[in-house]
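Results of the structural survey
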Amino acid sequence: MGEGFVCFSREEHVTLATEKLNGKSINKSYVKVADVLPCPSEKGQKNIPEQGETDDQDRDDPDAFCSKPTNSEIKFPEDSEVLGDGNFEQNNHSAADRSVVKLRSARDAVTPLANMPYEQQLIQKKTSMMQFLKRLARNVRKTCPSELPLPEWILSAKNRGGLPCTLEGILPSPLINGYRNKCEFTVGLSRDGERVVGFLLGNFREGMTAVEEPTNCPNVSAIACQYASAFQKFIRSSPLPVWNKHQTSGFWRLFTVREGRAPNQASDSDSEQPKIAELMLIAQVYLLVCSKGVEEDMRSSEFKRMAEALALAAASASPPLPLTALFVQDHLDISNAAPFDAPLFPIPLPKVVEGGNFEDECKEPEGQIHDYISNLRFRISPTAFFQVNTVAAERLYSLAGDWASLGPTTLLFDICCGTGTIGLTLAHRAGLVVGIEMSAPAVADAQRNAEINAIKNCKFVCAKAEDVIDSLLKEYLEMPAEMASDISDNASDKDIDDISKKSASEYGTQGNNSSVSTNDTKIKGDTIAKETEDLGNMSSKSPGISTETNELTENKKEENIMERFREVVVIVDPPRCGLHPVVIKALRTHPCLRRLVYISCNPETLVANAIELCTPSTGKVEKVKGRRGGYRHMGNAGHARQRAKSMPVSEPFCPVKAMAVDLFPHTSHCEMVMLLER
């Protein structure tokens with residue numbers, strides 16, 4: 001049975017639609033019309049904050065996801081009491097007799113574990129990860145064909161308490177408070193109707209649209225809070241409205257702060273806050289509103305006032321705040337989660353002089369900021385993915401490299417590579433690294449990152465992994481070794497510039513101060529030379545920076561790449577939705593892949609993907625039993641079990657060990673790393 005919701009502005013339209021639709025036959029089914037309860041904001045009541053999923057999310061950043069509310073956290077309606085069945089009954093109790101529970105705050109919604117000691121947080125997260133791993137063993141046991149014996153790791157799971165492999169513990173985050181280098185703040189109204197820049201207090205599905213300032217959220221840095229406060233002060237004076245999801249109208253929607261650390265900022269304790277050298281601000285707006293009465297002159301004037309307000313806030317702070325780049329992002333969907341190719345417009349930053357005045361000439365806007373991992377410098381464009389907890393990410397990548405057992409004879413595939421952080425930090429351990437990423441700006445960043453760090457044994461492919469993984473495996477496993485040695489030479493400046501141009505074209509279209517030209521986003525040769533020179537002092541310390549280019553040319557031209565690269569290892573770091581089934585099938589059915597390191601920000605999809613990778617198969621296609629449309633009602637694990645039954649005959653992987661890595665202190669989420677071998 002399907003459900004749909006329709007809103008009407010006039011009562012007569014409701015009556016007419018009910019008469020026309022109620023009982024209408026569609027594909028042997030009948031339409032039933034019924035009223036639905038309005039959300040609290042539509043009833044004229046104050047929003048009741050309930051925890052739920054917010055809109056402030058990264059590609060694989062779960063900090064904005066919240067747990068469901070408990071009964072003790074719900075504010076009951078006036079003159080009512082809760083019955084045993086959960087319904088409300090009106091009564092005449094006085095206000096003193098009513099139990100009104102404290103309203104939830106942004107701290108409760110975004111960091112629900114903030115009031116728990118950090119050691120207890122780690123214990124709770126480890127226990128949660130153990131429960132997810134047990135699901136893998138149970139599902140593979142169910143899915144294994146009856147004519148095949150159960151894998152040894154399934155038979156021995158009972159000795160590990162039901163775990164498919166050993167969970168070796170949880171790595172704590174070196175930085176506990178203020179660790180986020182990217183914060184996305186919602187622009188909306190508070191409970192009192194004031195314009196606020198902060199976090200949603202609950203789930204929009206339940207009618208929660210109230211926003212609260214982030215000042216009490218321990219995962220947000222002090223710099224991000226200062227900029228959120230400055231932007232909030234600006235929008236309160238702006239004549240343009242803030243975004244309203246219910247009415248699909250407004251202008252100001254989202255405010256993003258991205259931070260880049262200075263080099264050699266490896267914090268080993270919570271007391272050592274990293275020094276921020278570069279900072280990017282992105283204001284997300286709904287430009288379609290300009291066609292509904294807002295003139296373009298007013299929009300341009302507001303953008304100029306916004307740049308002046310933010311530049312003045314940065315200059316007047318003590319100490320002054322870094323401010324490198326300012327962008328406006330145009331997004332027309334209801335959700336704040338914009339696609340990576342949403343148009344971006346650079347805004348010139350004015351120079352602040354004494355007395356709070358501005359010079360006539362504005363500073364040319366930068367197209368990116370930089371951060372450092374393992375003494376390597378990484379260029380970060382506005383929409384590129386970069387781990388939000390940099391110091392913890394260093395531990396994560398080091399662990400993945402150790403488990404991958406890389407060497408000079410290893411061919412490493414880095415799937416969902418983003419800006420190339422994993423592949424580049426591990427390049428000194430491998431013979432060749434091939435990264436795959438669908439975002440053109442991220443691939444352009446990865447190419448530049450390899451160049452400014454003088455890393456020659458990396459190649460990056462801009463495509464969906466499911467579209468190219470099979471052909472890439474065939475290409476590299478059949479390619480002569482000498483061809484592999486020329487990969488870095490083929491990635492010429494022209495190729496990189498072509499990618500940069502494609503990236504620039506996706507930032508925006510040309511217009512009056514509303515576009516990012518190729519020259520704005522492309523790093524010129526002298527800039528690269530300067531960046532490479534800046535890294536000269538670190539190159540002797542970092543094993544990741546290497547100028548060796550002839551290592552692969554020592555073999556004969558006729559030698560097959562598998563003879564030069566004796567091992568093929570895959571590291572995957574997919575978004576929350578996990579790997580595409582086509583990618584899983586290619587990894588599972590290629591006999592040369594013997595080791596896979598899976599880095600997951602969502603253990604539920606890790607379990608689903610591991611079911612397909614680890615379940616023995618007979619190659620028989622089995623259909624879903626039961627009523628028509630059974631696939632629709634399955635969860636991730638159910639879909640994975642069905643696909644695993646139809647997997648071509650191939651050797652399954654075996655889970656060897658797993659480790660939880662806490663990248664998100666004060667939340668219920670953490671990363672999981674699993675080693676799979678066969």
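Scope of this entry: the structure provided in the associated data block. Bear in mind the structure is a predicted one, so any value in this text is a computation, not a measurement. (Residues numbered from 1 in each chain as written. Predicted model: local features only at pLDDT ≥ 70, side-chain atom pairs only at ≥ 80, totals over all residues. Heavy atoms only, no water.)

1. Here we look at the nonpolar core
Put simply, the rule is: Joining through side-chain atoms within 4.5 Å is the link that ties buried Ala, Val, Leu, Ile, Met, Phe, Trp, Tyr and Cys residues into a set, and such a set is a nonpolar core. The rule is simple: take the accessible area with a 1.4 Å probe, protein chains only, and divide by the maximum for that residue type; under 20% is buried, over 50% is exposed, in between is partly exposed. Strands here are runs of E lasting at least two residues and helices are runs of H or I lasting at least four, both read from the DSSP assignment and numbered beginning at the N terminus. In what follows, a contact means two residues having at least one pair of non-hydrogen atoms within 4.5 Å.
Counting residues in each nonpolar core, the largest one holds 60 residues, and the members touching the most others are Leu-411, Phe-413, Ile-415, Leu-587 and Leu-596. In terms of residues, this core owes the most to one element, helix α3 (residues 118-143), which gives 8 residues. Ignoring sequence-local partners within four residues, the contact set of Phe-413 consists of Val-434, Leu-472, Leu-473, Tyr-476, Val-568, Val-569, Val-570 and Ile-571. Met-280, Phe-327, Ile-369 and Leu-412 belong to the second largest nonpolar core, which has 48 residues in total.

2. Let's talk about the sheet that holds strand β21 (residues 593-600)
Worth spelling out the cut-off: Two strands qualify as a pair provided that DSSP identifies no fewer than 2 bridges between them. Every axis corresponds to a line fitted to the C-alpha atoms, with the helix fit spanning only the stretch in contact, and the corresponding angles, defined between N-to-C directions, vary from 0 to 180 degrees.
With mixed pairing, 8 strands are arranged side by side in an open sheet as β5-β22-β23-β21-β20-β17-β18-β19. Edge positions in the sheet fall to β5 (166-171) and β19 (458-462), since each has one partner strand and no second. In this sheet, neighbouring strand axes are inclined to one another by 15° on average, regardless of whether the strands run parallel or antiparallel. Summarising the sheet, β21 and strand β23 (residues 671-677) pair through 6 bridges and their orientation is antiparallel. Counterpart to Tyr-598 in the pairing with β23 is Met-674. Strand contacts of α3: β5, β22 (654-661) and β23, with the helix running at about 150° to β5, the strand carrying the most contacts. Contacting β18 (432-437) and β19, helix α9 (residues 440-452) runs over the sheet at an angle of about 170° to β19.

3. Re the environment of Leu-579
Its place among the elements puts Leu-579 in the loop between β20 (567-572) and α18 (581-589). Beyond its immediate stretch of four places on either side in the chain, Leu-579 contacts Ile-415, Val-572, Pro-574, Ile-584, Leu-587, Tyr-598 and Asn-609.

4. Examining the side chain of Ser-617
Rules: N or O atoms within 3.5 Å of each other form a polar contact, as long as, within protein, one can give a hydrogen and the other can take it, and as long as residues adjacent in sequence are counted only when both atoms are side-chain atoms.
Looking at where Ser-617 falls in the secondary structure, it is placed in the loop between α19 (603-614) and α20 (636-645). When its relative accessible area of 9% is taken as the criterion, Ser-617 is described as buried. Within the local environment of Ser-617, its side chain forms a polar contact with the side chain of Arg-588, the two groups lying 3.4 Å apart. A polar atom in the side chain of Ser-617 sits 3.4 Å from the backbone oxygen of Met-647. Contacts of Ser-617, omitting those with residues within four sequence positions, involve Pro-145, Leu-148, Arg-588, Ala-644, Met-647, Pro-648, Val-649 and Ser-650.

5. Quick word on the packing of aromatic side chains
Test applied: The pairing test for Phe, Tyr and Trp rings, Trp by its six-membered ring, is centres within 6.5 Å, and the orientation test on the planes gives stacked under 30 degrees, edge-to-face over 60, and tilted for anything in between. In this scheme, Lys NZ or Arg CZ marks a charge over a ring once it lies within 6 Å of the ring centre and within 35 degrees of the ring normal.
All chains considered together, the criterion is met by 10 aromatic pairs. Ring centres of Phe-378 and Phe-386 lie 6.2 Å apart, and the angle between their planes is 55°; this geometry places the pair in the tilted category. Residues Phe-378 and Phe-386 agree in their burial class; the two are buried. Three or more aromatic residues joined by ring pairs form one cluster here, namely Phe-231, Phe-234, Phe-251, Trp-252, Phe-255 and Phe-303. Seen from the ring of Trp-243, Arg-253 lies directly overhead, with NZ or CZ sitting 4.1 Å from the centre.

6. With respect to the environment of Gly-169
Inspection of the secondary structure assignment puts Gly-169 in strand β5. The spatial distance from the C-alpha of Gly-169 to the C-alpha of Thr-127 is 9.8 Å, given a sequence separation of 42 residues.

7. Some thoughts on the sheet that holds strand β11 (residues 325-330)
If you trace the 7 strands from one edge of the open sheet to the other, you get β8-β7-β6-β9-β10-β11-β12, paired in mixed fashion. For this open sheet the edge positions go to β8 (211-212) and β12 (344-346), each flanked by a neighbour on one side alone. Bridge count between strand β6 (residues 182-189) and strand β9 (residues 252-261): 5 bridges; the pairing is antiparallel. Counted as the bridge partner of Phe-185 is Phe-255 from β9. On the sheet, helix α6 (residues 296-316) packs against β9, β10 (276-285) and β11 and is oriented at approximately 145° with respect to β11.

8. So, unusual backbone geometry
Cis peptide bonds are those with omega within 30 degrees of zero, and the linkage from Ser-318 to Pro-319 qualifies with -5°. Tracing the chain through its elements places Pro-319 in the loop between α6 and β11. At Ser-374, a residue that is not glycine, the phi angle is positive and equals roughly 55°. Inspection of the secondary structure assignment puts Ser-374 in the loop between β15 (369-373) and β16 (376-380). Since its relative accessible area comes to 37%, Ser-374 is described here as partly exposed. Phi at Ala-454 takes a positive value of approximately 55°, unusual for a residue other than glycine.

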